[in-house]
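Given next are the chains, with one letter for each unit.
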Protein chains: 2
Amino acid sequence: MEKGNVTEDFLYNRIAERFIGQIETNILKSGDKLLSVRALSREQGVSISTAYKAYAELENRGFIEARAKSGYVVRHIYKKNEKQKLTNIAPLQNETTNVDELIRRVYETLTQESLVRLSLASPSSKLIPEAKLNKAMAEALRKSPTSCTQYENIQGNANLRKQIAKHAFNWNGQITEHDIVTTQGCMEALVFCLKAVTEPGDTVAIESPTYFGIFNVMKSLGLNVLEIPVDPETGVDIEYLENAMKNVKVKACLFVPNFCNPVGALMPDERKKQLVDLLTVNNIPLIEDDIYGEMYFGKSRPRTCKSFDREGIVMLCSSVSKTLAPGYRVGWCIPGKHLDKIISLKLMHTVSAATPTQSAIALFFETGRYDLHLRNLRKTLHLQYLQYTQLITDHFPAGIRISRPGGGYVLWIELDNRIDSFRLFSQALVENVSIAPGQIFTTDGRYSNFIRISIGEPITEEIESKIKILGQLIQDYNKQPAANEAD
Amino acid sequence: MEKGNVTEDFLYNRIAERFIGQIETNILKSGDKLLSVRALSREQGVSISTAYKAYAELENRGFIEARAKSGYVVRHIYKKNEKQKLTNIAPLQNETTNVDELIRRVYETLTQESLVRLSLASPSSKLIPEAKLNKAMAEALRKSPTSCTQYENIQGNANLRKQIAKHAFNWNGQITEHDIVTTQGCMEALVFCLKAVTEPGDTVAIESPTYFGIFNVMKSLGLNVLEIPVDPETGVDIEYLENAMKNVKVKACLFVPNFCNPVGALMPDERKKQLVDLLTVNNIPLIEDDIYGEMYFGKSRPRTCKSFDREGIVMLCSSVSKTLAPGYRVGWCIPGKHLDKIISLKLMHTVSAATPTQSAIALFFETGRYDLHLRNLRKTLHLQYLQYTQLITDHFPAGIRISRPGGGYVLWIELDNRIDSFRLFSQALVENVSIAPGQIFTTDGRYSNFIRISIGEPITEEIESKIKILGQLIQDYNKQPAANEAD
C-alpha cells in the first residue's frame, strides 16, 4: 500500500538507491536475477508503477539490464576490493624531482586532442547540454538592452549573483547576492583570495596531495607552501595542521573539503565545523575551493565549511567549469569579511568579467536547467566512476589500491612502490594515452608511485583498450629489473 | 578628367578631406555656401558623379547640409580656438589629496545610469553594431564542435590570434599568431606585462597625466610610479625620461603613444623610434598600451612603438573594449621576448580566456565586419569630437584651453587655475552629470584645474544642456570668493 503522504518519486528512488547499495557492496553480484516487477511491488508494498519506475531508474543509470527470458539482471559493473584503502601519506623519495618541468609536460598533453586524455579532470563535452546552453546565450543577448556589449557590474552580473545565492541554499548557505563576487573561473577566485590575505613570503597550508595548478600560483605570488596530509575518509588532517601551526606562522589555508583533487576525500560535517572553529580562534582565513561540491555520488549535497562560518573567515570559491562549461570562464567567490578587497582586486585586474557568458549562465540557472543538468550529470558520473573502477580492477595488476571518492572526476591509484609514475606517464604517451603522474601533486617528490585517472569521459571501446594498455605497462614495469631503467 | 589609374573612391574622399581641413581651420565658415556639384566637378577635374559623392560623404559625416535654394552649406560645427595649447605640466598643489578616495568616488559614478556620464572614456552603445555582433556569436557557437563550452587554447583562440596578426599590418606590424596571447581585456594584458618584468619595490615610468586605473594596479603590485610629463604635440617627454633614468632605476615603462588618456597626444613616428632606441640600449621593457590606436581622426592608422622594436623589448597591449564591446572582455598582448612568461602567468591566473567571446570576435574580424565598423566609428567619433569641442567653446567661459586630440574618446580641458575640479565634479553630480576631475590622473594632486570630458556619446539635447550647466558652474565658480569654499 502506498503511504499517502510520501510521493511516488521518493519511493522508487529509495528502492533504486537500496539496490545500488547492494550492488556496490557485492550483496548483489553481476548476473544476479532480480525479482519480477510484480514480486517487487508485493515485497516493498508499493504500486506496480512504482516498482517499475525503480527498475527503469536502475536500468537508466546502467546498473541493471533487461534480458530476454531472465527479466532484470545486475550488469557487470563493480567488484568490491577490500584492500582499497590508500596509504595516507606516501614516503619521500630520495631523488629530487623538478616538479615545474613535470607539470609543464603534463599541461602540454591536456590540449592534445589526438590523445585519450585520462589526465583531464573535467566533464566530457558529451555530457554538456550544449543546445540548451546555446539557447540561454541567445536569450541573454536578446534580453540585454545593449546585447551584452557593455561593461558588466564590477561585483558581477546581478542576476547571476542572485542565482548563486539561491543555489547556496543546497549547502546550507545563508548568502545574498551582495556577498558574492563573480570571477573568470574558480582559478581567478583563488588567486584573488590569496592576494587579498597574504603577502609574498607568507606560508599557506594546502592539502597533500593537491591540484598541481596551485603550486604555480603559490610560486608566482611568492608564497611558501605547507603540505598537510589528506585522509581518504576524513579529509585534511586537522590535528597535523594544529601541530604544524605551533611551529610555522600559517597565514591562510587553501583546502578542498568536498572531493579534493586527487584523493576525492569528503570531509565529514563535524570535521568541517572543527576546522572552521580552529581557524576562527586563530583568525586564519580559509580559502575553500568547492568546485567539486555539486558532483556528489551520495544522496545529498555535502555542506561547505562556509556554512559553519560565523565570523566571515571562510572565502568560498567555485565555478561552473567542472559542471557545465569550462570554456565560459564563469566562477565566483564568497569572500566573507574580505569582500571589499576582492572587489577592488577584480576591478584592478580585469575591470569586470565578460557580460555575455555571465548573463547566459544566470539564465541557465534561473530557468531550472542547471539543476536538471546537475541531476543527470551526477547520475552519469556515479556510473562512470563505478565503470572505471571496474575496468581498472579488471585490467591493472593485483595489489593496486584505488580511491573510493564520494564525488568528483578522478580516481587516485596507488601502484607498486617501485614504480616511477612519471616514467609510466612517458610510456603511456607513446601509446596515445595521458595520465597524471603522482609527483605533480606535491612539491617534494612524494606520490611517485601514484597516478590520477579521470572518469569524466563516458567509457568507449577506445578508452577500455587504453586502460588495458596501461594495465599491461604497469604489469611489465614490475617485471623489469630496476637496473634496466634507461628511459 | 578622371585619371585612369586612380579610383573614384580615392578621388571623392580626397576632395571631402580637403573640405574638412578647410572647415576645421575656419577657411570655410559655418553657413558658407559651397560650389554646385557641376561647378565642383569642373573645378576639380572630376566627373559629376565623383563631385556628388564628395558632397554626399561630407553631408553623411555631418559637415555640410543641403538647404532649399542655397544648395550645400557648411554646418555650424567648430570654431578654431587659437589659444588651445595646453599647459604641458601643471604646478603641484599645496593641498594633499587622497587620490584613492577620489578615484573610488569617480568609479562609483561610472555605473550610475541615471547620470549623463561624461566621465566614461568608451564608445556609446549606440555606436556598436549589436545585431551583427550577436550574429557572430550565434555563428561561433554553431561552428564550434563543442558549442564553445570547452577550455580554449591557453595562448588564446587560434583564429582570433590569426586575425589580430593580420590586422597588425595596419600599424606596420610584422606579427604572427604565435607572437600573441589573448587576455581578458587590455587591463589584464597590462597587469600580466607588469608582473612579467617587475618585482615589488621596482619603479615604473608612466605618463603624467595618465589613466587613473593604472595607479591601483601599481599599488597592488607594490610598484613605485615615476610620472613623465606628456606634451600634447609630441607625447611623453623622452628627454625628461632620459634625465630621470640617470637618478632612478626605471625597471619598465608603461606608455600610451597613440592618443594617450586624457591628453590625447599622438607621438610622432620619429619620437616613437627614438623612445624604442633609448629603451633598447638600456634594456628596459616598454609596455605599450595601444587601446586607442584604431580611433584616429586623421588619414591613416598611426604606427606603434612595437613596429620599431627589433629586440623584442616592446610588449604591446590592446583590446576591442574601446572599439566594439567592452563587455566581451577580449584583449591581447604581443609581449616580444617575454612571451613565455605571459603565457605562464595567464595559465596560472585564469587557465584560459572565455571561448564564446573570443570565437565571436574572431569571426567578426574574419568576415570584414570589424574593419567596416571601425571606418564608420572613426568618422562618427571625429564628428563628435568637433561637435563637443564646439559646444564647450560656446558654453564654457573664455580663457579655457581644450586639447586637440588626434583620436580617442576624450577632451582634456584646462580651467582657471583657481578651480578645484574635484569640487566641480561634486557640484556637477548634483546636476546629474559626471565628469572626470583632473586630480585622479596623477598621484600628487596636480591637474586640480583640469577636467576630462568624454566624446563617446552622440550629442543629444540632454547632453547639450548638461554642457551648458557645466559651463555655468565653471562661470559661477570663478565669481565666488575663495573664502566661500565650504563644500
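Reading the values: rules and limits
- Residues numbered from 1 in each chain as written.
- Chains lettered and ligands numbered in written order.
- Predicted model: local features only at pLDDT ≥ 70, side-chain atom pairs only at ≥ 80, totals over all residues.
- Heavy atoms only, no water.
- Helix = DSSP H or I, 4+ residues; strand = E, 2+ residues; numbered from the N terminus.
- Rg over C-alpha atoms; globule rule 2.2 N^0.38 Å.
- Buried < 20%, exposed > 50% of the residue type's maximum accessible area, 1.4 Å probe, protein only.
- Domains from an automatic or database assignment.
- Contact = heavy atoms within 4.5 Å.
- Axes fitted to C-alpha atoms, helices over the stretch in contact; angles between N-to-C directions.
- Parallel < 35°, antiparallel > 145°, perpendicular 65-115°, else oblique.
- Left-handed = near helix turned anticlockwise from the far one by under 90°.
- Pairing = 2+ DSSP bridges.
- Least-squares fit on C-alpha atoms with pLDDT ≥ 70 in both.
- Buried area = accessible area lost by both parts, 1.4 Å probe.
- Salt bridge = Lys/Arg side-chain N within 4 Å of Asp/Glu carboxyl O.
- Polar contact = N/O pair within 3.5 Å; in protein donor to acceptor, adjacent residues only side chain to side chain.
- Lys, Arg positive; Asp, Glu negative; His and termini not counted.
- Phe/Tyr/Trp six-rings, centres within 6.5 Å; stacked < 30°, edge-to-face > 60°.
- Lys NZ or Arg CZ within 6 Å of the ring centre and 35° of its normal.
- Core = buried A, V, L, I, M, F, W, Y, C linked by side-chain atoms within 4.5 Å.

## Notes on the overall build of chain A
A tally of helices and strands in chain A yields 15 helices and 16 strands. Here the C-alpha radius of gyration of chain A, 23 Å, is about what a compact globule of 487 residues would show, namely 23 Å. Projected onto the principal axes, the alpha-carbon positions of chain A cover approximately 70 × 65 × 45 Å. In chain A, buried positions account for 60% of the 487 residues.

## Things to note about the domain arrangement of chain A
Per the domain assignment, the segments making up chain A are domain 1 (8-74), domain 2 (82-127 + 378-484) and domain 3 (130-371). One C-alpha centre belongs to domain 1 of chain A, the other to domain 3 of chain A, and the line joining them spans 38 Å.

## Brief notes about the environment of Gly71(A)
Residues and elements named next belong to chain A. Along the polypeptide, Gly-71 turns up in strand β2 (residues 71-74). Sequence separation between Gly-71 and Val-37 is 34 residues, and the spatial gap between their C-alpha atoms is 9.1 Å. Contacts of Gly-71, omitting those with residues within four sequence positions, involve Glu-65 and Ala-66.

## Some points on the packing of helix α2 (residues 37-44) of chain B against helix α3 (residues 48-60) of chain B
Residue and element names in this part refer to chain B. Their axes nearest at 8 Å, the elements α2 and α3 cross at an angle of 115°. The angle between α2 and α3 places the two elements in the roughly perpendicular class. By crossing handedness, the relation of α2 to α3 is classed as right-handed. Contacts from Val-37, Arg-38, Leu-40 and Ser-41 of α2 reach α3 at Ile-48, Ala-51, Tyr-52 and Tyr-55.

## Concerning the sheet that holds strand β15 (residues 436-437) of chain B
Residue and element names in this part refer to chain B. Strand order in this open sheet of 4 strands is β12-β13-β16-β15, and the pairing throughout is antiparallel. In the strand order of this sheet, the two ends are held by β12 (401-402) and β15, each with one partner. Here β15 pairs with strand β16 (residues 450-454) via 2 bridges, running antiparallel. Residue pairing for β16: Pro-437 is matched across the bridge by Ile-451. Contacts from helix α13 (residues 369-395) reach β12, β13 (410-414) and β16 within the one sheet, and its direction differs from that of β13 by about 25°.

## Let's talk about the sheet that holds strand β16 (residues 450-454) of chain A
Taken together, the 4 strands give an open sheet; going across it, the order is β12-β13-β16-β15 (chain A), and neighbouring strands pair in antiparallel fashion. Each edge of the open sheet is held by one strand with a lone partner, namely β12 (401-402) and β15 (436-437) of chain A.

## So, the relation of the copies chain B and chain A
Put simply, the second copy of the chain is the first one after a rotation about an axis and a shift along it. The transform that puts chain B on chain A rotates by 180° and translates by 0.0 Å along the axis, for an RMSD of 0.1 Å. Both chain copies can therefore be described as sitting about a two-fold axis. The rotation axis passes nearest to the C-alpha of Ala138(B) in chain B, at a distance of 3.6 Å. When the interface residues of chain B are mapped onto chain A, 100% of them again lie at the interface, so the same face is used by both copies.

## What to know about the interface of chain B and chain A
Across the contact, 44 residues belong to chain B and 46 residues belong to chain A. Contact with chain A buries area across many residues of chain B, yet Thr149(B), Tyr151(B) and Met348(B) alone supply 16% of it, more than any other trio. In this assembly, chain B and chain A are joined by 0 salt bridges. If you look at where chain B meets chain A, you find 12 residue pairs in polar contact (both at pLDDT 80 or more). Listed by contribution, the elements that provide at least two residues to the side of chain B that touches chain A are α5 (130-143), α7 (185-197), α8 (213-220), α11 (339-350) and α12 (355-366) of chain B.

## Concerning the side chain of Asp289(A)
All names here are of chain A. Looking at the secondary structure, you find Asp-289 in strand β9 (residues 286-289). The buried charged residue Asp-289 lacks any salt bridge, with Lys-322 as its nearest oppositely charged partner at 8.7 Å. At a separation of 3.1 Å, a polar atom in the side chain of Asp-289 contacts the main-chain amide nitrogen of Ile-291.

## Notes on the packing of aromatic side chains
Across all of its chains, the model carries 26 aromatic pairs over all chains by this definition. Centre to centre, the rings of Phe297(B) and Tyr385(B) are 5.0 Å apart; their planes meet at 15°, and the pair counts as stacked. Here Phe297(B) is found in the loop between β9 (286-289) and β10 (314-319), whereas its partner Tyr385(B) is found in helix α13, with 88 residues between them in sequence. Judged by relative accessible area, Tyr385(B) falls into the buried class, the value being 5%. Through a chain of ring-to-ring contacts, three or more aromatic side chains come together here, namely Tyr211(A), Phe212(A), Trp412(A), Phe441(A), Tyr447(A) and Phe450(A). Lying over the aromatic face of Phe308(A), Arg303(A) brings its terminal NZ or CZ to 4.0 Å of the ring centre.

## Some remarks on the pairing of strand β11 (residues 331-334) of chain B
On a regular strand, each side chain points to the face opposite its neighbour's, so the side chains alternate between the two faces of the sheet. Residues and elements named next belong to chain B. Where burial is concerned, the two faces of β11 agree: the one with Gly-331 and Cys-333 and the one with Trp-332 and Ile-334 are both buried. In terms of strand pairing, strand β4 (residues 181-183) meets β11 through 3 bridges, oriented antiparallel. Bridged to Thr-182 within β11 is Trp-332. Strand direction decides the pairing type here: β10 and β11, joined by 4 bridges, are antiparallel. By the bridge assignment, Cys-317 is partnered in β11 with Cys-333.

## With respect to the environment of Lys166(B)
All names here are of chain B. Relative to the helices and strands, Lys-166 resides in helix α6 (residues 158-167). Overall, Lys-166 belongs to the exposed group, its relative accessible area being 60%. When the C-alpha atoms of Lys-166 and Glu-101 are compared, they prove to be 42 Å apart, with 65 residues separating the residues in sequence.

## Description of the pattern of salt bridges
In the structure shown here, the tally under the stated rule is 25 salt bridges over all chains. In this structure, the salt-bridge partner of Arg301(A) is Asp290(A), at a minimum N-O distance of 2.7 Å. Residue Arg301(A) is found in the loop between β9 and β10 (314-319), and its partner Asp290(A) is found in the loop between β9 and β10; the two are separated by 11 residues along the sequence. For the salt bridge of Glu294(B) with Arg301(B), the shortest nitrogen-to-oxygen distance reads 3.2 Å. The residues Glu294(B) and Arg301(B) share a single accessibility class, namely buried.

## Considering the nonpolar core
If you look at the biggest cluster of nonpolar residues, it comprises 282 residues, and the most contacted ones within it are Phe396(A), Ile413(A), Phe396(B) and Ile413(B). With sequence-adjacent residues up to four places away left out, Ile413(B) is seen in contact with Ile392(B), Phe396(B), Ile400(B), Arg401(B), Ile402(B), Asn449(B), Phe450(B), Ile451(B) and Ile453(B).

## Some remarks on unusual backbone geometry
Residue Pro262(A) is reached from Asn261(A) by a cis peptide bond, and omega for that bond is 15°. With respect to the helices and strands, the residue Pro262(A) is situated in the loop between β8 (250-255) and α10 (269-281). Between Ser208(B) and Pro209(B) the backbone carries a cis peptide bond, its omega angle lying at -5°. The topology assignment puts Pro209(B) in the loop between β5 (203-208) and α8.

## A short note on the environment of Val433(B)
Residues and elements named next belong to chain B. Here Val-433 shows up in strand β14 (residues 433-434). Judged by its relative accessible area of 0%, Val-433 falls in the buried class. Spatially, the C-alpha atom of Val-433 lies 8.6 Å from that of Ser-119, the residues being 314 residues apart in sequence.

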